[in-house]
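Read off the chains here:
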Amino acid sequence: MKILLLGSGAREHALARALASDPATTELVVAPGNPGTASIATNFAVNPCSSAEVVDLATQMGADLVVVGPEAPLVAGVGDAVREAGFACFGPGVEAARLEGSKAFAKEVMAAAGVPTAQAVTCATPEELAAALDRFGAPHVVKDDGLAAGKGVVVTSDRQAALAHGLACLAKEGGRVLVEDYLDGPEISLFCVCDGATVRPLAPAQDFKRLSDGDAGPNTGGMGSYTPLTWAPADIAEQVVDHIAQPVIDEMARRGTAFIGLLYCGLALTRDGLRVVEFNVRFGDPETQVVLARLTSSLPELLHAAATGRLAQVPEPTWSTDSAVDVVLAAPGYPAAAATGGVITGLSQAEAVEGVHILHAGTALDDDGALISAGGRVLSVVAVGPTVQAARERAYEAVGRIHLDGAQYRTDIAAGR
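Focus on the overall build of the chain
For the chain, the helix and strand inventory stands at 13 helices and 22 strands. In terms of C-alpha radius of gyration, the chain reaches 20 Å, essentially the compact-globule figure of 22 Å for 417 residues. Principal-axis analysis of the C-alpha atoms places the extent of the chain at approximately 55 × 45 × 45 Å. The buried share of the chain, reckoned over its 417 residues, is 57%. Sequence-distant contacts, at least 24 apart, represent 69% of the contacts inside the chain between residues at least 6 apart. Summed over all atoms, the accessible surface of the chain reaches about 15700 Å², with 50% contributed by carbon and sulfur.

Okay, here's the thing in structure tokens:
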């Protein structure tokens, strides 16, 4: 099949790698893509948030499937436009994408579906914010209601810092902020492929959101991830489908806004059981990089079945017994103000390490054809090995062979697992 993939990050490079390597894929176009996707697919410079440009490109190539990588095009309604133009699309419409676009809406859906999550208050004024902080107490959990590229959440025992973040969210046009009860327990990411009625879970993973070792520093889009989670309940995927994903998909269908695409369930394994921390409506980054590294069944066939309402007719995804670890290499200054333009070297040496592949995120080519940094998170260094520890050692050996002046990375991804 001919597939159009929207996006330009490491998540999209991981998706492109899994799609391109499958015999079901006859043509793969990535829009706009990055230097990494250019080596395995055809990049096309269109704005992924422009419905008109995306539909034009899908029409030109005669796409059999459009896969939307990032959240912004989904919230902008690109999924609706693609479907209205007659193309199969893996990605929810704008109404269903509100599960990520508005955290308050997600809480409303969870309440209606009986899904366990943290208690929360939605605030629209500084007075409401201050009262909610006092009501829930420390640690304070303050979330921007809208999209914030994974950096809209602050968890802190410092009331002033929590208040400052909340006020910054409220200062945006139409700004709202959620203050929540703190969920204590390890976090798990579980992706669920959905066709509006049927749910197929993928392998659970864990990501590391803070910038620095020991979960210190500011929140980021994610500094690393690993899978499998040997410490999680063996039936975690079944629990999530039965008690979280399926009830939410059923509730969305009841509302007349079928959810077709990827429901990312961000979970906390608390003393009282699983609780939803957040929903996203697309593959997560950096978890996608490790989850797809272990997938042994056909990704294009799975996504096409979901996009065409046939998910119940295809087999469950299958997985390698190997482990996978991803270490993210970030630019100096990230996440506050990433410095770009630094020359990146050593990628071929890094990929010479057994089980390692490199996925591009914030990269570009300069006028001389040299690879340079062009964003906050620059590369994902993914390693596969027989155990988490073996994969971890390979990933860090590869990281040590890459050079980017001032690069930042955590040294404790998947440590002790």
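Having seen the structure, we can now continue with the description.
A few points about the side chain of Glu278
Secondary-structure assignment places Glu278 in strand S17 (residues 273–280). Among buried Asp, Glu, Lys and Arg side chains, Glu278 stands out as unpaired, with Lys209 the closest opposite charge at 4.9 Å. Not counting chain neighbours up to four residues away, the residues in contact with Glu278 comprise Lys103, Lys143, Lys209, Tyr264, Cys265 and Gly266.

Looking at the pattern of salt bridges
A side chain of one charge can pair with a side chain of the opposite charge when the charged atoms of the two come close. Considering all chains together, one arrives at 20 salt bridges under this definition. The partner of Asp134 in a salt bridge is Arg159, and the shortest N-O contact between them spans 2.9 Å. Taken together, the residues span a long stretch of sequence, with Asp134 in helix H7 (residues 126–136) and Arg159 in helix H8 (residues 159–170) at a distance of 25 residues. Residues Lys209 and Glu187 are paired through a salt bridge, measuring 3.1 Å at the closest nitrogen-oxygen approach. One end of the pair, Lys209, is in the loop between strand S12 (206–207) and strand S13 (210–212); the other, Glu187, is in strand S10 (residues 187–195), with 22 residues separating them in the sequence. Note on Lys209: relative accessible area 23%, which makes it partly exposed. The structure contains a network of salt bridges with shared partners spanning Glu108, Glu251, Arg254 and Arg255.

Quick word on the nonpolar core
Judged by nonpolar contacts, the single largest core of 78 residues is most densely connected at Leu4, Leu99, Leu263 and Phe279. Here this core gets nine residues from one element, more than from any other, and that element is helix H9 (residues 236–254). Among all residues touching Phe279, those that are not within four sequence positions of it are Leu99, Glu100, Ala106, Met110, Ile244, Val248, Leu263, Tyr264 and Cys265. Core analysis: the second largest hydrophobic core is formed by 41 residues, Ala18, Leu28, Leu292 and Ala324 among them.

Digging into the environment of Leu267
Looking at the element boundaries, Leu267 is found in strand S16 (residues 260–270). Residue Leu267 is classed as buried on the basis of its relative accessible area of 1%. In this structure the C-alpha to C-alpha distance between Leu267 and Val240, which are 27 residues apart in sequence, comes to 9.0 Å. Not counting chain neighbours up to four residues away, the residues in contact with Leu267 comprise Pro186, Glu187, Ile188, Leu190, Val240, Ile244, Leu274, Arg275, Val276 and Val277.

A closer look at the packing of helix H1 (residues 10–20) against helix H11 (residues 299–307)
For the pair H1 and H11, interaxial distance at closest approach is 8 Å and the crossing angle is 105 degrees. Classified by the interaxial angle, the pair formed by H1 and H11 is roughly perpendicular. Seen from H1, the contacting residues are Leu15, Ala18 and Leu19; seen from H11, they are Leu299, Pro300 and Leu303. Residues belonging to the contact of H1 with H11 are distributed by class as follows: six nonpolar, no polar and no charged.

Some words on helix H6 (residues 103–113)
By the burial criterion, the buried members of H6 are Lys103, Ala104, Phe105, Ala106, Lys107, Val109 and Met110. After H6 finishes, the residue Gly114 shows a positive phi value of roughly 70 degrees.

Side note on the packing of H7 against H8
For the pair H7 and H8, interaxial distance at closest approach is 10 Å and the crossing angle is 145 degrees. The element H7 and its partner H8 pack so that their crossing is right-handed. Two secondary-structure elements touch here, H7 through Pro126, Leu129, Ala130, Leu133 and Asp134 and H8 through Arg159, Ala162, Leu163, Gly166, Leu167 and Leu170. The residue inventory of the contact of H7 with H8, partitioned by class, reads eight nonpolar, one polar and two charged.

Brief notes about the sheet that holds strand S4 (residues 65–68)
Ordered in space as S3-S2-S1-S4-S5, the five strands form an open sheet in which the pairing is parallel. Edge strands, defined here as strands with exactly one partner in the open sheet, are strand S3 (42–43) and strand S5 (89–90). Note that strand S2 (residues 27–32) and S3 share two bridges and pair parallel. Paired with Val30 across the two strands is Asn43, which belongs to S3. Along the sheet face, H1 touches strand S1 (2–7) and S2 and points at about 170 degrees away from the line of S1.

Side note on the sheet that holds strand S6 (residues 120–123)
Spatially, the four strands line up as an open sheet ordered S6-S9-S7-S8, and their pairing is antiparallel. The sheet terminates laterally at S6 and strand S8 (153–156), the two strands that pair on one side only. Neighbour-to-neighbour, the strand axes of the sheet open up by a mean angle of 20 degrees, direction not taken into account. Along the sheet face, H7 touches S6, strand S7 (140–144) and strand S9 (177–180) and points at about 165 degrees away from the line of S6. Each of S6, S7, S8 and S9 is contacted by H8, which is oriented at about 15 degrees to S7, the strand it contacts most.

Things to note about the environment of Val121
By secondary structure assignment, the location of Val121 is in strand S6. Among the residues examined, Val121 registers a relative accessible area of 21% and is labelled partly exposed. Taking C-alpha positions, Val121 is 39 Å from Val55, a pair spaced 66 residues apart along the chain. Ignoring sequence-local partners within four residues, the contact set of Val121 consists of Ala132, Arg135, Phe136, Val177, Leu178 and Val179.

Criteria and cut-off values
Residue numbers restart at each chain and count upward from 1, following the sequence in its written direction. For a predicted model such as this one, the threshold for reporting local features is a pLDDT of at least 70, and the threshold for listing and counting side-chain atom pairs is 80 or more; totals across whole chains, interfaces and linings nevertheless cover every residue. Derived side-chain values reflect all non-hydrogen atoms in the structure, with water molecules and hydrogen atoms excluded from consideration. Strands are runs of DSSP state E lasting at least two residues, helices are runs of H or I lasting at least four, and both sets are numbered from the N terminus onward. For the radius of gyration, the atoms used are the C-alpha atoms, and the globule rule reads 2.2 Å times the number of residues raised to 0.38. Using a 1.4 Å probe on the protein chains alone, a residue whose accessible area is under 20% of its type maximum counts as buried, one over 50% counts as exposed, and one in between counts as partly exposed. Two residues qualify as a contact provided that any one of their heavy atoms is within 4.5 Å of a heavy atom in the partner residue. Using the Shrake-Rupley algorithm and a 1.4 Å probe, accessible areas are obtained, with residue cover drawn only from the displayed protein chains. Charge assignment: positive for Lys and Arg, negative for Asp and Glu; neither His nor the chain ends contribute. Salt bridges are identified by distance alone: a Lys or Arg side-chain nitrogen within 4 Å of an Asp or Glu carboxyl oxygen. Throughout, nonpolar core names a set of buried Ala, Val, Leu, Ile, Met, Phe, Trp, Tyr and Cys residues whose side chains join them through atoms within 4.5 Å. Helix axes use the C-alpha atoms of the stretch in contact, all axes being lines fitted to C-alpha atoms, and the angles between their N-to-C directions lie in the range 0 to 180 degrees. Angle categories: roughly parallel below 35 degrees, roughly antiparallel above 145, roughly perpendicular from 65 to 115, and oblique for all the rest. Just so you know the grouping, Ala, Val, Leu, Ile, Met, Phe, Trp, Tyr, Cys and Pro go in nonpolar, Asp, Glu, Lys and Arg go in charged, and all remaining residues, Gly too, go in polar. Two helices crossing with the near one rotated counterclockwise from the far one by less than a right angle form a left-handed crossing, whereas a clockwise rotation gives a right-handed crossing. Any two strands with at least two DSSP-identified bridges between them are counted as paired.

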